[in-house]
Amino acid sequence: MAYIIGVRFRDAGKIYYFDPDGTEFEQGQFVIVETSKGIECGEVVLKNRDIEIDESMLPIHKIIRIASEKDLKTIAENKEKEKRAFDICCQKIKLHKLDMKLINVEYTFDCNKILFYFTADGRVDFRELVKDLAYMFRTRIELRQIGVRDEAKSIGGLGICGRPFCCHSFLGEFQPVSIKMAKEQGMLLNPTKISGTCGRLMCCLKYEQDVYNDLLKITPKIGAIVNTPDGKGNVIDVNLITGTLTVSLHKAMNAAAHTYKVNDVTLIKDAQIKVDKDEFEKLKKLENN
C-alpha cells in the first residue's frame, strides 16, 4: 500500500501518482512535481488515499510544492510559447521537405525542454530539423512520433455518435480493442462500421464487451445445434440483446427458419465465434495504434 494523490498534466490524460509528503490536497488544486520530462505542473484529480501499487507505478516522487499564482502565470505564458513553436516547426518541416505531420507542442514547466509530437507513415530522418529547432529555441528539443489514436486524442473532434471523442474527453488511457470483440457483438465487419474517425477500431467496443461475454455464456452461437419445441435444428442467427435465436430445423431444412427465445431451446452442441483468417488479414490494421 502507498499513500498517494493522482495528478493529470493534460485534459483526459493519464493519471500519475505522487507522494503528498504529509500535505492534504483537494481535487482541482495544481501542484509542481518532477516527472520523466522534467519539472511539470499538474492538476490533482485524486485526493489523498491509500492504494495498492505495482511496479508500473514506480517510482513515486514527492510533490515539490503547491502551484502559486506565479506558477499558473508561467503555464499560461508557456501555452502562448507553444503556439509560436508550433508555427515555427511547421515552417521548418516544410523547408526540410519532411513527410511528417506536426500534431502538438509541449513546453515543460521550467522550459528546459520542448516536445514536438508528430505522425508519419514510416521513419523520418529529422536530425537537421532538431538542429534548426535547437538553434531557434536555445533549449533541449525532443521529437516524438505518435500513432493515429494519439493524434485523435490530442486534436479531438466528433465521433459517429455525434459526441466528442471519448479519448479526448475522458479516457485517460487507451484500452485494447480487437476485431474479435466486434465479431462477438454481432457487428458487420466493415471498416467503416467498426472504426472511429482515427481509422482504428472504435474504443466504445470495449465498453459493452463484459456484458456480451456474459450473454455469450448463456446463448448458443451461430452454427450451434439446439433442441427446440419443434425439434432439432441449427442456429443461423443470434440477437444477443433480445435473447432470440433463428433456427433452421433439421426436419424441414428448406422451410422458413423459426425464431425462439433462448430459454425455449436446449443446447446440444455449441459452436465457436472465429474471425476468418482472410477477414482478419484485411482488418488487422484497424487494431494497430
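Here's a quick rundown of the structure. Just so it is clear, the model here is predicted, and its values are computed rather than measured.

Let us now look at the overall build of the chain. Along its length, the chain carries eight helices and 13 strands. Overall size of the chain, expressed as C-alpha extent along the three principal axes, is 80 × 50 × 35 Å. In the chain, buried positions account for 36% of the 289 residues. For the chain, the share of sequence-separated contacts (at least 6 apart) that also reach a separation of at least 24 residues comes to 57%. Only carbon and sulfur atoms are counted for the fraction: they give 50% of the accessible area of the chain, which is about 17,700 Å². Within the chain, the 42 negative side-chain charges are centred at a point lying 5 Å from the centre of the 44 positive side-chain charges.

Here we come to helix H1 (residues 69-95). Between its first and last C-alpha, H1 extends 39 Å over 27 residues, near the 39 Å set by a 1.5 Å rise per residue. For H1, the full list of buried residues reads Asp71, Asn78, Glu82, Ala85, Ile88, Cys89, Lys92 and Ile93. Tucked inside the fold, the buried residues of H1 contact strand E3 (30-35), strand E5 (65-66), strand E6 (101-107), strand E7 (113-119) and helix H2 (127-137). Two residues or fewer after H1 comes lysine 97, characterised by a positive phi angle close to 55 degrees.

Turning to the pattern of salt bridges, a few remarks are in order. According to the stated counting rule, one finds 16 salt bridges in the structure shown. For glutamate 106, the salt bridge goes to arginine 10, with nearest N and O atoms at 2.4 Å. With glutamate 106 in strand E6 and arginine 10 in the loop between strand E1 (2-8) and strand E2 (16-18), this pair connects stretches of sequence that are 96 residues apart. Overall, the relative accessible area of 14% leaves glutamate 106 in the buried class. A salt bridge links glutamate 281 to lysine 284; its shortest N-O distance comes to 3.1 Å.

Taking strand neighbours across the sheet as the criterion, the five strands line up as E2-E1-E4-E3-E5 in an open arrangement whose pairing is antiparallel. The sheet is open, and its two borders are formed by E2 and E5, each paired with just one other strand. For E1 and E2, the ladder comprises three bridges, and the chain directions are antiparallel. In the strand pairing of E2, glycine 6 is matched with tyrosine 17.

Outside of glycine, negative phi angles account for most residues, and trans bonds account for most peptide bonds. Look at alanine 12: it is not a glycine, yet its phi comes out positive at around 55 degrees. Taking relative accessible area as the criterion, alanine 12 reaches 6% and is therefore assigned buried. In this model, aspartate 21 sits at a positive phi of 55 degrees, which is unusual for a non-glycine residue. With respect to the helices, strands and loops of the structure, aspartate 21 is situated in the loop between E2 and E3.

Geometrically, a pair of aromatic rings is defined through the distance of the ring centres and the angle of the planes. Under the criterion given, the structure shown has four aromatic pairs. Note on phenylalanine 9 and tyrosine 16: the rings are 5.8 Å apart at their centroids and 50 degrees apart in plane angle, and the pair reads as tilted. Lying over the aromatic face of tyrosine 117, arginine 10 brings its terminal NZ or CZ to 5.8 Å of the ring centre. Its guanidinium or amino end placed over the ring of phenylalanine 174, lysine 153 lies 5.9 Å from that ring's centre, counting from NZ or CZ.

A few words now on the packing of H1 against H2. Following both chains from N to C, one finds H1 and H2 inclined at 145 degrees, their axes separated by 10 Å at the closest point. Where H1 crosses over H2, the handedness of that crossing is right-handed. Facing Arg84, Ala85, Ile88, Cys89, Lys92 and Ile93 of H1, the residues of H2 in contact are Leu129, Asp132, Leu133, Met136 and Phe137. By residue class, the composition of the contact of H1 with H2 is eight nonpolar, no polar and three charged.

So, on to the pairing of strand E4 (residues 38-51). Pairing geometry for E1 and E4, over six bridges, is antiparallel. In the sheet register, valine 7 faces E4, and the bridge partner there is valine 44. In this structure, E3 lies alongside E4, joined through six bridges in antiparallel fashion. Paired with phenylalanine 30 across the two strands is glutamate 43, which belongs to E4. Joining the antiparallel neighbours E3 and E4 is a turn of two residues.

Among the secondary structure elements, asparagine 104 is positioned in strand E6. With relative accessibility at 25%, the residue asparagine 104 sits in the partly exposed group. In sequence terms asparagine 104 and arginine 144 are 40 residues apart; their C-alpha atoms lie 9.9 Å from each other.

A separate point is the environment of lysine 113. Among the structural elements, lysine 113 can be located in strand E7. Residue lysine 113 is classed as buried on the basis of its relative accessible area of 5%. Other than its neighbours up to four places away in sequence, lysine 113 contacts Ser36, Lys37, Glu106, Tyr107, Thr108, Thr139, Arg140 and Glu142. A distance of 3.2 Å separates the side chain of lysine 113 from the side chain of glutamate 142, its partner in a polar contact.

What counts, and at which threshold
Per chain, the residues get numbers from 1 upward, laid out in the order the sequence is written. Reporting in this predicted model follows two pLDDT cut-offs: at least 70 for local features of residues, and 80 or more for side-chain atom pairs to be given and counted; totals over whole chains, interfaces and linings ignore these cut-offs and use all residues. To get the side-chain values, take all heavy atoms of the structure and skip hydrogens and water. Helix numbers and strand numbers start at the N terminus; a helix is a DSSP run of H or I with at least 4 residues, a strand a run of E with at least 2. We call a residue buried when its accessible area falls under 20% of the maximum for its residue type, exposed when it is over 50%, and partly exposed in between, using a 1.4 Å probe and counting protein chains only. Contact criterion: two residues are considered in contact whenever any of their non-hydrogen atoms come within 4.5 Å of each other. Note on areas: Shrake-Rupley, 1.4 Å probe, and residue coverage restricted to the protein chains presented here. Just so you know, the count uses Lys and Arg for positive and Asp and Glu for negative, and it drops His and the chain ends. Charged groups are reduced to one reference atom each: NZ for lysine, CZ for arginine, CG for aspartic acid, CD for glutamic acid. A helix is expected to span 1.5 Å multiplied by its residue count minus one. Within this document, salt bridges are pairs made up of a side-chain nitrogen of Lys or Arg and a carboxyl oxygen of Asp or Glu, the two lying within 4 Å of each other. Any two strands are treated as partners once DSSP identifies two or more bridges connecting them. Each Phe, Tyr or Trp ring (for Trp, its six-membered ring) is paired with any other whose centre lies within 6.5 Å, and the angle between the two planes then decides the class: stacked below 30 degrees, edge-to-face above 60, tilted in between. The criterion for a charge sitting over a ring is simple: Lys NZ or Arg CZ within 6 Å of the ring centre, and within 35 degrees of the ring normal. Between the N-to-C directions of two axes lies an angle of 0 to 180 degrees, each axis being a line fitted to C-alpha atoms and, for a helix, fitted only over the stretch in contact. Left-handed describes a crossing in which the near helix is turned anticlockwise from the far one by less than a right angle; the clockwise case is right-handed. For this classification, Asp, Glu, Lys and Arg are treated as charged, while Ala, Val, Leu, Ile, Met, Phe, Trp, Tyr, Cys and Pro are nonpolar and the rest, including Gly, are polar. The definition of a polar contact used here is a pair of N or O atoms within 3.5 Å, where within protein one atom must be able to donate a hydrogen and the other to accept one, and adjacent residues in sequence count solely through side-chain atom pairs.

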